[in-house]
Amino acid sequence: MLSIKTRQTYLKNLGFYKGKIDGKEGKQTKQAYKDLQTKYFPKKYVDGKYGNQTEILLRNAERIRLYTKSFKLEEFKCECGGKYCTGYPALLSKTLLKYAQDTRNKWGTVNITSGLRCEKHNTIIGGIRGSKHTKGKAFDWYNAKTFQSFNKRKE
């Protein structure tokens, strides 16, 4: 688990914490956890407590901030809609995020069609067991240029 000082720093970087970085888990820090959860988790997962799922969420949000310049965390969210997970079941790979940004830099508008997946959703949609999507190491994407050229090749 991240230290409380590191949590406060990440929360501050993301605009959720306004207090002093003091390593104390006080009212402001706990409110920042809840605010972060409220923004990204489905309502049923918001409890204001710092546990494993909030750790993954916070670390993913910080990684998006550090390793991409034009992606939002929501673009990588599991598509189960909160039915089986918080939306962020795994830690996004730094390498994946750098690759995603390189892809967007090269191709312009890139639409992610599948990012993170929880195991249950991956099974339901027919994903392979052990899919890299469930480990934060894969994403599927398209853009108008590649979609258009793919369709022309099919004709």
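Our subject is the structure that appears above.
The model shown is predicted, which means the values in this text are computed figures rather than measured ones.

K.L.:
Explain the packing of helix α3 (residues 52-67) against helix α4 (residues 94-107) to me, and be specific about the residues and the numbers.
P.N.:
In contact at an axis separation of 10 Å, α3 and α4 are set at 45 degrees when each is read in the N-to-C sense. As the angle between them shows, α3 and α4 are arranged oblique. Pair α3 / α4 crosses with right-handed handedness. Listed contacts from α4 to Arg 63, Ile 64 and Tyr 67 of α3 are Lys 94, Leu 97, Lys 98 and Gln 101.

K.L.:
Residue-level account of the environment of Arg 129, with values.
P.N.:
Mapped onto the fold, Arg 129 is located in the loop between α5 (119-124) and β2 (140-142). Arg 129 sits in the exposed class, given a relative accessible area of 83%.

K.L.:
Describe the pattern of salt bridges, and please don't skip the residues or the numbers.
P.N.:
Following the criterion strictly, the structure yields five salt bridges and no others. Residue Glu 62 is joined to Arg 65 by a salt bridge in which the shortest nitrogen-to-oxygen separation is 2.8 Å. With a gap of three residues between them, Glu 62 and Arg 65 both fall in helix α3, about one helical turn apart. Residue classification places Glu 62 among the buried residues on the basis of a relative accessible area of 3%. Note on Arg 65: relative accessible area 37%, which makes it partly exposed. We note a salt bridge from Arg 104 to Glu 75, for which the minimum N-O separation is 2.8 Å. On the criterion of sequence distance, the pair formed by Arg 104 in helix α4 and Glu 75 in the loop between α3 and α4 is long-range, its members being 29 residues apart. On the basis of relative accessible area, Arg 104 is assigned to the buried category, the value being 14%. Accessibility expressed as a relative area gives 26% for Glu 75, which makes it partly exposed.

Calculation notes
Residues numbered from 1 in each chain as written. Predicted model: local features only at pLDDT ≥ 70, side-chain atom pairs only at ≥ 80, totals over all residues. Heavy atoms only, no water. Axes fitted to C-alpha atoms, helices over the stretch in contact; angles between N-to-C directions. Helix = DSSP H or I, 4+ residues; strand = E, 2+ residues; numbered from the N terminus. Parallel < 35°, antiparallel > 145°, perpendicular 65-115°, else oblique. Left-handed = near helix turned anticlockwise from the far one by under 90°. Contact = heavy atoms within 4.5 Å. Buried < 20%, exposed > 50% of the residue type's maximum accessible area, 1.4 Å probe, protein only. Salt bridge = Lys/Arg side-chain N within 4 Å of Asp/Glu carboxyl O.

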